[in-house]
Amino acid sequence: MSWASRLTATALALLLVLAAATGGVAASPLLQEESDDDDGLPEAEDAYVTEEGDVVLMYQNDSEGSQTEFGIDVSESVLHALVVTNATETDATGQATAVIDPDGMTANGSLVAPTPASITSMTLDATAEQTDENAAFDASLQATLNDSNTAATGIITGAEASGSVEVAPDTFTASGQFNANLRSALGDSQHQQFSVRETENGYTLDGSQNYTLSSFAQDRWSTRARAEQSLEAQYSSLAQSLGGSSDVTLESYAYTETSSGARLDIAFTVEYTGIDEGVQQQISASLVNSEQYNLTEAEAQEVADSVAELHVDEVSLRFDQTPESVSGEFTARLSEYDGAIRAAMTVASSVDTEENVQLATQLDRVEKTLDARQESGLIETFTFDVTVDSPSSSPTTVEASVDYRTENWAAYRDALDARGIDTANAEYELHAETQGEEVVVDATASIQQEDLLQRTSNTLLNSTNASDTETRRFIRAFQDAKLRKAKVDVDLTEQELRIEAGAAFEDLTSLREAIRASTDSNLKIASIVGRTEGEQVNTYVRLDGAVSADATEADVRALGPVGANTTVHLAGTYNQTFPELDVDGAYEYLGIPQDPAAGGAGSQSGSGSSGTDGAGPGFGIGLAAVAMLGAALLLARRDE
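Please read all numbers here as calculations on a predicted model, not as lab measurements.

Engineer: What is the right way to look at the overall build of the chain in this model?
Structural biologist: Scanning the chain from terminus to terminus reveals 15 helices and 25 strands. Counting only contacts in the chain whose residues sit at least 6 apart along the sequence, the fraction spanning at least 24 positions is 70%. As displayed, the chain offers around 30200 Å² of accessible surface, 48% of which is attributable to carbon and sulfur atoms.

Engineer: Help me understand the nonpolar core in this model?
Structural biologist: Within soluble globular proteins, side chains that are nonpolar generally end up buried alongside one another. If you look at the biggest cluster of nonpolar residues, it comprises 38 residues, and the most contacted ones within it are Leu-57, Leu-483 and Phe-505. With four residues, helix 11 (residues 469-481) is the largest single contributor of residues to this core. Filtering out sequence-adjacent residues up to four positions away, Leu-57 remains in contact with Leu-41, Ala-44, Asp-46, Ala-47, Thr-539, Tyr-540, Val-541, Leu-543, Pro-561 and Val-562. With 20 residues, the next largest nonpolar core counts Leu-231, Ala-239, Ala-262 and Tyr-272 among its residues.

Engineer: Sorry, what's going on with the pattern of salt bridges here?
Structural biologist: Where charged atoms from two side chains of opposite charge approach closely, those side chains can pair. As enumerated under the stated definition, the model contains 18 salt bridges in all. Taking the shortest distance from any N to any O, the salt bridge between Asp-320 and Arg-318 comes out at 2.3 Å. Owing to a relative accessible area of 18%, Arg-318 belongs among the buried residues under this scheme. The partner of Arg-557 in a salt bridge is Glu-553, and the shortest N-O contact between them spans 2.8 Å. Highlighted residues: Arg-557 and Glu-553, both in helix 13 (residues 553-557), separated by four residues, approximately one helical turn. Judged by its relative accessible area of 31%, Arg-557 falls in the partly exposed class. For Glu-553, a relative accessible area of 39% gives the class partly exposed. Here the salt bridges share partners, and the residues they tie into one network are Asp-338, Arg-342, Glu-367 and Asp-371.

Engineer: Can you walk me through the confidence of the model for the chain in this structure?
Structural biologist: Low-pLDDT stretches of the model should not have their predicted coordinates read in fine detail. Mean pLDDT for the chain: 83, with 83% of residues reaching 70 or above. Counted against residues more than four places away or in other chains, residues 1-38, with its pLDDT under 50, gives 106 contacts. Every residue in residues 598-640 is under pLDDT 50, and counting partners more than four places away or in other chains gives 137 contacts.

Engineer: What am I meant to see in the packing of aromatic side chains here?
Structural biologist: Note on aromatic pairs: each is described by the distance of the centres and the angle between the planes. Overall, the coordinates contain ten aromatic pairs when judged by the stated rule. Taken together, the ring pairs in this structure connect Tyr-48, Tyr-540, Tyr-574 and Phe-578 into an aromatic cluster.

Engineer: How do you make sense of the pairing of strand 12 (residues 202-212) when you look at a structure like this?
Structural biologist: Working note: regular strand, side chains alternate between the two faces of the sheet. Strand 12 sits mainly inside the fold: eight of its eleven residues count as buried. Where strand 11 (residues 190-198) folds back on strand 12, the antiparallel hairpin that results is connected by three residues. Direction of pairing for strand 12 relative to strand 14 (residues 261-273): antiparallel, over a ladder of eleven bridges. By the bridge assignment, Gly-207 is partnered in strand 14 with Phe-268.

Engineer: Please clarify how helix 9 (residues 409-418) should be interpreted in this entry.
Structural biologist: Because the α-helix completes a turn every 3.6 residues, residues three or four places apart line up on one side. Along helix 9, the residues that are buried comprise Trp-409, Tyr-412, Arg-413, Ala-415 and Leu-416. Summarising the axial view, the buried residues of helix 9 lie within an arc of 160°, below the 170-degree limit, and thus occupy one face. Exposed residues pointing more than 90 degrees away from the buried face of helix 9 are listed as Asp-414 and Ala-418. Residue Gly-420 follows helix 9 closely and has a positive phi angle near 80°.

Engineer: Would you mind going over a negative patch on the surface with me for this structure?
Structural biologist: Where like charges cluster on the molecular surface, the negative patch consists of Asp-170, Glu-299, Glu-302, Asp-305, Glu-309 and Glu-336. With respect to the element layout, Glu-302 can be found in helix 6 (residues 297-308). Here Glu-302 falls in the exposed class, since its relative accessible area comes to 55%.

Engineer: Mind showing me how you'd approach helix 5 (residues 275-289) here?
Structural biologist: Taking 1.5 Å as the rise per residue, helix 5 with 15 residues should run 21 Å; its terminal C-alpha atoms sit 21 Å apart, in good agreement. When we look at burial in helix 5, the residues that qualify are Ile-275, Gly-278, Gln-280, Ser-284 and Leu-287. Against the buried residues of helix 5 lie strand 12, helix 4 (224-241), strand 14, helix 6 and helix 7 (338-349).

Engineer: Teacher, can you tell me more about the packing of helix 6 against helix 7 here?
Structural biologist: Relative placement of two packed helices is described by the angle separating their axes and the distance separating the axes. Contact pair helix 6 / helix 7: the axes reach a minimum separation of 7 Å and the direction vectors enclose 155°. With respect to their mutual orientation, helix 6 and helix 7 come out roughly antiparallel. Helix 7 is crossed by helix 6, and the crossing has left-handed handedness. Counting all contacts with helix 6, which are made through Val-303, Ser-306 and Val-307, the residues of helix 7 involved are Gly-339, Ala-340, Ala-343, Thr-346 and Val-347. Here the residues of the contact of helix 6 with helix 7 are counted per class, giving five nonpolar, three polar and no charged.

Engineer: What is the right way to read unusual backbone geometry from this model?
Structural biologist: The bulk of non-glycine residues show a negative phi, and the bulk of peptide bonds are trans. One non-glycine residue, Asp-451, adopts positive backbone phi at about 55°. Within the fold, Asp-451 resides in the loop between strand 20 (438-448) and helix 10 (452-462). Given a relative accessible area of 38%, Asp-451 falls into the partly exposed group. Of note, Lys-482 is a non-glycine position whose phi angle comes to about 55°, a positive value. Assignment of secondary structure puts Lys-482 in the loop between helix 11 and strand 21 (483-492).

Engineer: Got a minute to help me understand the environment of Ser-376 in this structure?
Structural biologist: As for its position among the elements, Ser-376 is in helix 8 (residues 356-376). Classification of Ser-376 by relative accessible area gives buried; the value is 10%. Distance from Ser-376 to Ala-410, taken between C-alpha atoms, is 8.5 Å for residues 34 residues apart in sequence. Those residues in contact with Ser-376 that sit more than four places away from it in its chain are Asn-408, Ala-411 and Tyr-412. Engagement of the side chain of Ser-376 in a polar contact is seen with the backbone oxygen of Ala-372, the distance being 2.8 Å.

Engineer: For this particular structure, what's the right way to read the side chain of Glu-198?
Structural biologist: Within the element layout of this structure, Glu-198 appears in strand 11. One buried charged residue, Glu-198, forms no salt bridge at all, with the nearest opposite charge on Arg-197 at 11 Å. Within the structure, Glu-198 has its side chain in polar contact with the backbone nitrogen of Val-312 (distance 2.7 Å). Discounting chain neighbours no more than four positions away, the residues touching Glu-198 are Tyr-203, Asp-276, Leu-310, His-311, Val-312 and Asp-313.

Definitions and limits used
Residues numbered from 1 in each chain as written. Predicted model: local features only at pLDDT ≥ 70, side-chain atom pairs only at ≥ 80, totals over all residues. Heavy atoms only, no water. Helix = DSSP H or I, 4+ residues; strand = E, 2+ residues; numbered from the N terminus. Contact = heavy atoms within 4.5 Å. Areas by Shrake-Rupley, 256 points an atom, 1.4 Å probe, with all protein chains shown as cover. Core = buried A, V, L, I, M, F, W, Y, C linked by side-chain atoms within 4.5 Å. Buried < 20%, exposed > 50% of the residue type's maximum accessible area, 1.4 Å probe, protein only. Salt bridge = Lys/Arg side-chain N within 4 Å of Asp/Glu carboxyl O. pLDDT = per-residue confidence, 0-100. Phe/Tyr/Trp six-rings, centres within 6.5 Å; stacked < 30°, edge-to-face > 60°. Pairing = 2+ DSSP bridges. Arc of directions from axis to C-beta. Patch = residues over 30% accessible without salt bridge, like charges linked within 9 Å, V, L, I, M, F, W, Y side chains within 5 Å. Lys, Arg positive; Asp, Glu negative; His and termini not counted. Charge placed at Lys NZ, Arg CZ, Asp CG, Glu CD. Expected span 1.5 Å × (residues − 1). Axes fitted to C-alpha atoms, helices over the stretch in contact; angles between N-to-C directions. Parallel < 35°, antiparallel > 145°, perpendicular 65-115°, else oblique. Left-handed = near helix turned anticlockwise from the far one by under 90°. Nonpolar A, V, L, I, M, F, W, Y, C, P; charged D, E, K, R; others polar. Polar contact = N/O pair within 3.5 Å; in protein donor to acceptor, adjacent residues only side chain to side chain.

Structure representation (structure tokens):
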């Protein structure tokens, strides 16, 4: 799954969960109370029977100071919520909007908040794009820190670090360096440097060391002969364990007694031969003898041969320390690594587990991706650079940059497309800077791909364990419901937090049926509507055709949510109207026309009267159902 698809899945789940949590569900007794019956609903305060045999369950809960309206209409396949709550305890202000439809996601937002005490000034910029022609990422940071609130500035007077990684079809290269100047002495000086490179006959290790010996190690290095013996013992064991041989040469040697202890300064070379065969034999034997992997001896040997194709051009590391500074660098250059990756895939696919069906799908995609990289000659490069300046006479400054570049990206996308792998186009931008005593943040994001939502949910479904029937049921139900559009708006001022959210589907009944199946319930929820009334949030759950119109109280009490403490109102015995979802308003908020198969908002009332009291949009447990799906989508990714 690409990073864009992962972001889409996460955004979808978070959008729906956020909408449910803020749309009154958090205040709804339907989610706060435990249900002791098989119908999955807690005991209601009141139960009203309509002339049509519907039962309207009424629940009450403390509003906790929020003004909330929520509702879902299953027949209209739309849900909408609005919550306004006090926000006087926060110093931040801002707004955000996120929209998801079948072919993509867009989001934007801004935030103004007090500058953190550790920052005096800051500018942060980040941009990224992934299109048919290019993929790139850039980020930069410039900041001045408040040294009194930054512990690190008491340790260093300055530091630098930089590095790069390049991944090409047949080569992997990484390098980097760092140095730091210290305010206080760190200890004795030392130098450590090692490098390994592959040769025609084996491997060559070059090493040099200059450091103070511990008292118990001095005897082993006090003469040149003893140093040679120590090196031989230290580096020959690897060759022996792999059936090879080693030749150790002490290139230079110096042993000096000082007031702080004995110092050793040496340079040496170790030539390894014949160890590749030993590595191959150990890999093959361990795979054949393992109970976890199901590989024949020939297959295991093929894996071992593929691993042996990896060529170590160079791996080196250097570290230097003085009492006032530290520095170092590293380099890694590998070639012909493709075979090792494919060998690891072969081993992974041989694991005989229930999850292997999903793993096989993922490995097939990885293999096609590797083929596309090889065919297109894709090259990816990642670089970073960080500088910290912390002189005693001035505030600490930090500058950092990160970037990602590609070559032959268009050819790579074409190669993926030829193998049936579609990728999304995506871009985002983030800018943050201090303005006086505040930090101002602006961000936008967009991900677009035909049938992106369906593709993402398919990937989630394929990555979910076959035994996780409930998660898979909700994912399939979400697919069958066919989301048309989901939207959430957040507006934070100095006085209040306002969140509005909604979603429209082609057919929401599939999600309802998934909930019924998961709770073994025979109840058929037609709508859920709630609103704040005084200090209470009243939630009304309409059960379609739950009893007959002439039902007795005993018939009603046979329903799971109607308990001993529930007041039952039979048809014709009450004069009560029930709020309903403003369907027109919900679709207007979403900015899409109503589904042609769905009618306009109609009146829902009890037998004593007709009409509506005009209660506004909202949805309690109905959007919670969608939130449950969102949680299911996240849980489906937890083991990936």
